[in-house]
Amino acid sequence: MPSSARWLLLLVPGMLFFSTLSGAPREAEAAPRGGGSVCKRCPPDAGTPDAGTGSDAGTPDAGSGGSDAGTGSDAGTPDAGTGSDGGTNPPTGCLGQPLLESLGKDHVLIGGQTDNSVAGLAPFDLRYIYLAGGLFDSVEPCNSCSTSCSSAGQSCSNWNPNGCGWWGCWQWDQLAPGQYLRDYFQQTINLGQVPMITYYQMLHASRVAEGSPEVAAAQTVSLMQRYYNDWRFVLKQIGNSTALLHIEPDFWAYAQQVNPNPHMIPAAVASANPTDCANVENTIAGMGRCMIAMVRKYAPNAKVGLHASAWATKIDAMMNTNPALDVEGEARKVADFLMECGGAAGDFVVVETSDRDAQYYQVRLGRNSWWDTTNTTLPHFRQAFRFAKALSERMGRPNLWWQIPVGNMSMPGYDQHWKDNRLDYFFDHPQEVAAAHGIGMIFGAGEQTQTNPATDNGHLLLRTNNYFLTGGQAACLNASMP
């Protein structure tokens, strides 16, 4: 979904708890408090659910939510064409095999945004967290959280009741910056799971409205200098560990809507980061390429991917209700943009179903976001898999389904307990995920009032355990999409 909806009904998490004993990561990621932007993608708070009055959403309604055709001229990027592939033969092999083999896996991965009470209760392959909320105010990362660090004008010392937006000080302030991330890695690795980071900083660091303003903010040399310095600091905490890195959800789509040619969108790259990217162009295309090159330099065993939004072309190809839409053509347009931003130099591409549970949208916003499980009425699941398959074949990279809503149809219908049908469809049809070059199904809440793995009555744990008990789904198939 376009992220304009993601701003609505956000809750600022409660007070950040600092452990004076171990410095262990919090079970729920913090958001900035006071004087700064709200962390709209931070994970759910474990607080008491709102009793609400939401009724049963019933069967999915195809609705009438048509796509926005948008406008905007072509600035010179390749046209994805209409109908057939725009000039390249689709790959016939298993796009995900190299990445999966590097992780010691051969099946469609299962993962989630899980707190410490849930993470070890099923054999998840992956566990992800957000790094979001803002940057340090200084040019370089802080040396001490207690004495010399601030974010958006707020001290990162524990005495500050407003908390600190910078992830590097999300721990006891007597510990060195970055301990939150180092502890998360160690805990996740100890569980036998692969750590995954969703790096979502441009919106919060720029402190502007989402969309074109945050894209424009990438021109600011002083901001981008701090941004690249933070990214380098993240990568140095990872070092030689194995990890998955997911760069900037939504951002690339907003950039594509500014101009479909990322080489024509100015951004501070070489001018802001001569240390790593002195010869990289000062454009949005250069920004993506620089960030991926930094991964190769500082975290050589990490796998990295950009985020592909199905609405980047101003036509939401996953929520589309028009059977005549060239879904594959829309996917290739998104792929072409991401490839110019370095996406083909990455290891995978991230795709997303929805940022909210379907019943939440229905009850709270009067908006239909259900997908038809019978695949007869648009929007439906096979349309989404068509988009993902075409995207991956154009880029030559597998796709990873991220932040799939956790809701299920047994939920009563109030905050943190909403209905959705996506989780069960994915678990019921993993062969469709694999056939569309999908390497994983990662579940999590896109906002704090959504159903999450600690509030779904154990449903994600049950489905995950059953998935592995029955052998899982081979990721490499010779079958075509149904």
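This one's a predicted model, so the numbers in the text were calculated from it and none came from an experiment.

## Focus on the sheet that holds strand β5 (residues 194–200)
Link 1 in the chain: The strand order β1-β2-β5-β6-β7-β8-β9-β10 describes a closed barrel built from eight strands, whose pairing is parallel. Taken pair by pair, the neighbouring strands of this sheet meet at an average axis angle of 30°, ignoring direction.
Link 2 in the chain: Sheet analysis places strand β1 (residues 109–112) next to strand β2 (residues 126–132), joined by two bridges and oriented parallel. Along β2, the bridge assignment pairs Gly 112 with Arg 127.

## Comments concerning the side chain of Asp 372
Link 1 in the chain: If you trace the backbone, Asp 372 turns up in the loop between α10 (358–365) and α11 (381–395).
Link 2 in the chain: Buried charge without a partner: Asp 372 forms no salt bridge, and the closest opposite charge is Arg 382, 10 Å away.
Link 3 in the chain: Polar contacts involving the side chain of Asp 372 include one to the main-chain amide nitrogen of Thr 377, which spans 2.8 Å.
Link 4 in the chain: Once residues lying within four places of it in the same chain are set aside, the contact partners of Asp 372 are Thr 377, Pro 379, His 380 and Phe 381.

## What about the nonpolar core?
Link 1 in the chain: With 126 residues, the main nonpolar core has Ile 284 and Met 287 as its most contacted residues.
Link 2 in the chain: Among the elements that make up this core, the one with the highest residue count is helix α5 (residues 221–238) (nine residues).
Link 3 in the chain: Beyond its immediate chain neighbours, meaning those up to four positions away, Ile 284 contacts Val 215, Ala 218, Phe 251, Trp 252, Ala 255, Pro 262, Ile 265, Pro 266, Ala 267 and Cys 341.

## Topic: the pattern of salt bridges
Link 1 in the chain: Applying the stated criterion to the full structure yields 16 salt bridges.
Link 2 in the chain: Across the salt bridge formed by Arg 232 and Asp 276, the nearest N and O atoms sit 2.9 Å from each other. Here Arg 232, found in helix α5, pairs with Asp 276, found in helix α7 (residues 274–277); they are 44 residues apart in sequence, far enough to count as distant. Of the two residues, Arg 232 and Asp 276, both sit in the buried class.
Link 3 in the chain: Between Asp 355 and Arg 356 there is a salt bridge whose closest N-O contact spans 3.3 Å. We note that Asp 355, like Arg 356, is buried.
Link 4 in the chain: Ionic contacts of the salt-bridge type, sharing partners, join the residues Arg 232, Asp 276 and Lys 297 into one network.

## Quick word on the packing of helix α6 (residues 251–258) against helix α8 (residues 284–298)
Between two packed helices, the angle of one axis relative to the other and the distance separating the axes together describe the packing.
Link 1 in the chain: Orientation of α6 relative to α8, taken along the N-to-C sense of each, is 160°, at an axis distance of 11 Å. Accordingly, the angle class assigned to the pair α6 and α8 is roughly antiparallel. Seen along the crossing, α6 lies across α8 with a hand that is left-handed. For the pair formed by α6 and α8, the contact residues are Phe 251, Trp 252 and Ala 255 on the first element and Ile 284, Met 287 and Gly 288 on the second.
Link 2 in the chain: Its residues assigned to classes, the contact of α6 with α8 comprises five nonpolar, one polar and no charged.

## Overview of the state of the cysteines
Link 1 in the chain: Applying the stated criterion to the full structure yields five disulfides.
Link 2 in the chain: Paired by a disulfide, Cys 94 and Cys 476 hold their sulfur atoms 2.1 Å apart. Classification of the bridge connecting Cys 94 and Cys 476 rests on its S-S torsion, roughly -70°, and on that basis the disulfide is left-handed. Of this pair, Cys 94 sits in the segment before α1 (97–102) while Cys 476 is found in the segment after α14 (459–469), placing the two residues 382 residues apart along the sequence.
Link 3 in the chain: Assessed through its relative accessible area of 23%, Cys 94 is described here as partly exposed.
Link 4 in the chain: Bridging Cys 145 to Cys 169, the disulfide has an S-S length of 2.1 Å. The disulfide joining Cys 145 to Cys 169 has a torsion of about -90° about its S-S bond and is therefore left-handed. Note that Cys 145 is positioned in the loop between β2 and β3 (150–151) and Cys 169 in the loop between β4 (154–155) and α2 (179–190), a separation of 24 residues in sequence.

Reading the values: the criteria
- Residues numbered from 1 in each chain as written.
- Predicted model: local features only at pLDDT ≥ 70, side-chain atom pairs only at ≥ 80, totals over all residues.
- Heavy atoms only, no water.
- Pairing = 2+ DSSP bridges.
- Helix = DSSP H or I, 4+ residues; strand = E, 2+ residues; numbered from the N terminus.
- Axes fitted to C-alpha atoms, helices over the stretch in contact; angles between N-to-C directions.
- Buried < 20%, exposed > 50% of the residue type's maximum accessible area, 1.4 Å probe, protein only.
- Lys, Arg positive; Asp, Glu negative; His and termini not counted.
- Salt bridge = Lys/Arg side-chain N within 4 Å of Asp/Glu carboxyl O.
- Polar contact = N/O pair within 3.5 Å; in protein donor to acceptor, adjacent residues only side chain to side chain.
- Contact = heavy atoms within 4.5 Å.
- Core = buried A, V, L, I, M, F, W, Y, C linked by side-chain atoms within 4.5 Å.
- Parallel < 35°, antiparallel > 145°, perpendicular 65-115°, else oblique.
- Left-handed = near helix turned anticlockwise from the far one by under 90°.
- Nonpolar A, V, L, I, M, F, W, Y, C, P; charged D, E, K, R; others polar.
- Disulfide = S-S within 2.5 Å.

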